[in-house]
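Survey of secondary and tertiary structure
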Amino acid sequence: MTQTNALSYMLSQISPWTGVGLFLFGMIVGAIFAYSQWKTVVRVTQMEKMKLYLFSTALVRFIVFFIALMWVAYPDKNIVKIIIFFIGFMVIRVIATKKVKKMLREKKHV
């Protein structure tokens, strides 16, 4: 089976509604990730011993993302499903980053 045929096969295994659901799930996980990261940054600026806190919150965010990714990939490990989820995740991350940059330029704090 060639790569094109394999990709066509994997795409045929996903319904359009599944794709939309995976994209939205990726956006939700990305929003949770961005929100927790923002709260970590705000809290760290008020702490003295921040290394352990930074490490532990980054580890928790990574574990949550990894569990969500494994849940999307299970049981068929369809790469197209993983890509759709990841695109949704990255869309929200880009939007959140732009919003935070805009807020920082305007000197607004959440």
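Here, every reference points to the structure presented above.
Our subject in this report is the structure included herewith. None of the values given here were measured: they were computed from a predicted structure. (Residues numbered from 1 in each chain as written. Predicted model: local features only at pLDDT ≥ 70, side-chain atom pairs only at ≥ 80, totals over all residues. Heavy atoms only, no water.)

1. Let's talk about helix α4 (residues 79-105)
Given 3.6 residues per helical turn, the α-helix brings residues three or four places apart onto the same face. Spanning 27 residues, α4 covers 39 Å between terminal C-alpha atoms, matching the ideal 39 Å at 1.5 Å per step. Within the span of α4, buried status applies to Val80, Lys81, Phe85, Gly88, Phe89, Ile92, Arg93 and Met103. The N-cap residue of α4 is Asn78: its side-chain oxygen and the backbone nitrogen of Val80 are 3.0 Å apart. Following α4 by one or two positions, Lys107 has its phi on the positive side, about 60 degrees. (Helix = DSSP H or I, 4+ residues; strand = E, 2+ residues; numbered from the N terminus. Expected span 1.5 Å × (residues − 1). Buried < 20%, exposed > 50% of the residue type's maximum accessible area, 1.4 Å probe, protein only. Polar contact = N/O pair within 3.5 Å; in protein donor to acceptor, adjacent residues only side chain to side chain.)

2. Looking at a nonpolar patch on the surface
Nonpolar side chains collect at one region of the surface, where Leu52, Phe55, Leu59, Phe62, Ile63, Phe66, Ile67 and Met70 lie side by side and expose about 830 Å² of accessible area between them. Tracing the chain through its elements places Ile63 in helix α3 (residues 51-73). (Patch = residues over 30% accessible without salt bridge, like charges linked within 9 Å, V, L, I, M, F, W, Y side chains within 5 Å. Areas by Shrake-Rupley, 256 points an atom, 1.4 Å probe, with all protein chains shown as cover. Salt bridge = Lys/Arg side-chain N within 4 Å of Asp/Glu carboxyl O.)

3. Side note on unusual backbone geometry
In this structure, the amide linkage connecting Tyr74 to the following residue, Pro75, adopts the cis form with an omega of -5 degrees. Among the secondary structure elements, Pro75 is positioned in the loop between α3 and α4. Phi at Lys77 takes a positive value of approximately 55 degrees, unusual for a residue other than glycine. You can see Lys77 is positioned in the loop between α3 and α4.

4. Describing the environment of Met10
Take Met10: it is sitting in helix α1 (residues 3-12). Distance from Met10 to Asp76, taken between C-alpha atoms, is 9.8 Å for residues 66 residues apart in sequence. Sequence-distant contacts of Met10, that is, excluding residues within four places in its chain, are made with Asn78, Ile79 and Val80. (Contact = heavy atoms within 4.5 Å.)

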